[in-house]
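A structural walkthrough
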Amino acid sequence: MLATYLEQGAVSLRQTALPSIAPGFALLKLRLAGICNTDLELQRGYYGFSGIPGHEFVAEVVECADASWIGKRIVGEINLACGQCSWCDRDLGRHCPNRTVLGIVKHPGAFAEYLSLPVENLHAVPEDMPDEVAVFTEPVAAASAILEQVSISPGTPVAVLGDGKLGLLCAMVLALHGAQVSLYGRHPEKTAIAARMGVVPREASEAGDTQYPIVVEATGNADAMATAIRMTEARGKIIMKSTTHLPVSVDMASVIVPEISLIGSRCGRFSDALPLLAAGMLPVREMIHAEYHLHEAPAAFERAAQKGTLKVLLRP
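Residues numbered from 1 in each chain as written. Predicted model: local features only at pLDDT ≥ 70, side-chain atom pairs only at ≥ 80, totals over all residues. Heavy atoms only, no water.

1. Some words on the packing of helix α4 (residues 137–149) against helix α5 (residues 165–176)
Closest axis-to-axis distance for the α4/α5 pair is 9 Å, and the angle between their directions is 50 degrees. Our classification of the angle between α4 and α5 gives oblique. For α4 against α5, the interelement crossing comes out right-handed. Taken together, the residues of α5 that come into contact with α4 (itself represented by Pro-139, Val-140, Ala-142, Ala-143, Ser-144, Ile-146 and Leu-147) are Leu-166, Leu-169, Cys-170, Val-173 and Leu-174. (Axes fitted to C-alpha atoms, helices over the stretch in contact; angles between N-to-C directions. Helix = DSSP H or I, 4+ residues; strand = E, 2+ residues; numbered from the N terminus. Parallel < 35°, antiparallel > 145°, perpendicular 65-115°, else oblique. Left-handed = near helix turned anticlockwise from the far one by under 90°. Contact = heavy atoms within 4.5 Å.)

2. A look at the pattern of salt bridges
Under the defined criterion, the tally for this structure stands at 14 salt bridges. The salt bridge partner of Arg-44 is Glu-41, with a shortest N-O separation of 2.7 Å. Residue Arg-44 and its partner Glu-41 are both found in helix α1 (residues 37–44); the two are separated by three residues, about one turn of the helix. For Glu-41, a relative accessible area of 3% corresponds to the buried category. Each of Asp-91, Arg-94, Glu-148 and Arg-269 takes part in salt bridges that share partners, so that together they form one network. (Salt bridge = Lys/Arg side-chain N within 4 Å of Asp/Glu carboxyl O. Buried < 20%, exposed > 50% of the residue type's maximum accessible area, 1.4 Å probe, protein only.)

3. Quick look at the packing of aromatic side chains
According to the stated counting rule, one finds two aromatic pairs in the structure shown. Between Phe-111 and Phe-301 the ring centres are 6.0 Å apart and the planes differ by 80 degrees, which places this aromatic pair in the edge-to-face class. Remark: Phe-301 occurs in helix α10 (residues 297–305) and Phe-111 occurs in the loop between β8 (106–107) and β9 (114–118); sequence separation between them is 190 residues. What makes Phe-301 buried here is its relative accessible area of 2%. Between the aromatic rings of Tyr-184 and Tyr-212, the centroid separation amounts to 6.3 Å while the plane-to-plane angle is 85 degrees, which identifies the pairing as edge-to-face. (Phe/Tyr/Trp six-rings, centres within 6.5 Å; stacked < 30°, edge-to-face > 60°.)

4. Considerations on the pairing of strand β18 (residues 311–315)
Most of β18 sits out of view: four of its five residues are buried. Sheet topology note: the strand β17 (residues 288–293)/β18 ladder contains five bridges and is parallel. Bridge pairing links His-293 to Arg-315 in β18. In terms of handedness, the path from β17 via α10 over to β18 forms a crossover that is right-handed. (Pairing = 2+ DSSP bridges. Right-handed = clockwise from strand over helix to strand, strands pointing away.)

5. Some thoughts on the nonpolar core
Residues Val-140, Val-158, Leu-174, Val-181 and Val-216 are the most contacted members of the largest nonpolar core, which totals 46 residues. Mapped onto this core, the elements with two or more residues apiece are α3 (131–134), α4, β11 (157–161), α5, β12 (180–185), α6 (188–195), β14 (212–217) and α9 (270–278). At eight residues, the largest contribution of residues to this core is made by α5. Non-local contacts of Val-158, meaning those with residues more than four positions away in its chain, are made with Ile-152, Leu-174, Ala-179, Gln-180, Val-181, Ser-182, Tyr-212, Ile-214 and Val-216. Counting residues in hydrophobic clusters, the runner-up holds 39 residues, among them Phe-57, Leu-80, Ile-104 and Leu-117. (Core = buried A, V, L, I, M, F, W, Y, C linked by side-chain atoms within 4.5 Å.)

6. Re the environment of Glu-56
Tracing the backbone through its elements, the reader meets Glu-56 in strand β4 (residues 56–64). We classify Glu-56 as buried; its relative accessible area is 2%. Separated by 44 residues in sequence, Glu-56 and Ser-12 place their C-alpha atoms 19 Å apart. Those residues in contact with Glu-56, other than ones at most four positions away along the chain, are Leu-32, Ala-33, Gly-34, Cys-36, Val-135, Glu-138, Pro-139 and Lys-311. A distance of 2.7 Å separates a polar atom in the side chain of Glu-56 from a polar atom in the side chain of Lys-311. (Polar contact = N/O pair within 3.5 Å; in protein donor to acceptor, adjacent residues only side chain to side chain.)

7. Some words on unusual backbone geometry
With phi around 60 degrees, Lys-106 is a residue other than glycine that occupies positive phi space. Overall, Lys-106 belongs to the exposed group, its relative accessible area being 77%. A positive phi angle, near 55 degrees, is found at Glu-259, a position not held by glycine. Within the element layout of this structure, Glu-259 appears in the loop between α8 (253–256) and β16 (261–264). A relative accessible area of 43% places Glu-259 in the partly exposed class.

Below is the structure:
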């Protein structure tokens, strides 16, 4: 099968064997995949990654011991948990110390003609949901994870830093749940997407002028934490969404003295994301900037890395 491969910063194409299917797993045929900022960071050296990347996808089940899954369109949770530890017992396999992660940690990803996942990770896509919407399930779940981690009452002022793919989704999901969201970005054409949902667009140059009880840092920029700290009021919370291969320098006194809480935020539950997408509550198709075929993956990565680019899709 044809697969995208990352190694030492280079994006290439390789012919590889089909994934072997262990008991409890399904073989999936890719229909559509999305390049996210984490994929770009993997290319730059995040996690010391080499292999097949990709964790945002829609696929069709082509082989599975449970015949009821065969032929279904699915999306899939990206964490492959052991199912036996205390974290798994608490339904927190996302933090299983023995887990692998699709396209990120020791499990080949979705930028290939075929991939594999445990059946328990699969979620059926509603019949009337286009692939171009379903492919956003994983990042919408990541945005929704904030609401699982932090209690945000309706009307709470929230600042979201960054108007990239995840920043937009965080702003829109929080606005849907009643927060008063200000989105700080550099691209008016991008913040305008969220503005139609009641999000207040702000220029990035204004960041730091106002303090908020909750700040979401989603810039993908290692230097943005200092700005997030300045914008957080005493005893406020910073939700850290950026993944970057670069080290982040923090003046800890500016966090400790005002008693600011730093909260790392990663994956969310697909069961929270799919209803939002099925109801048409998020204008995700407006975030699609380009589509490439899988054999054009190197060009697709180049386009995804260009400043101002939102979602770039890969189709087999």
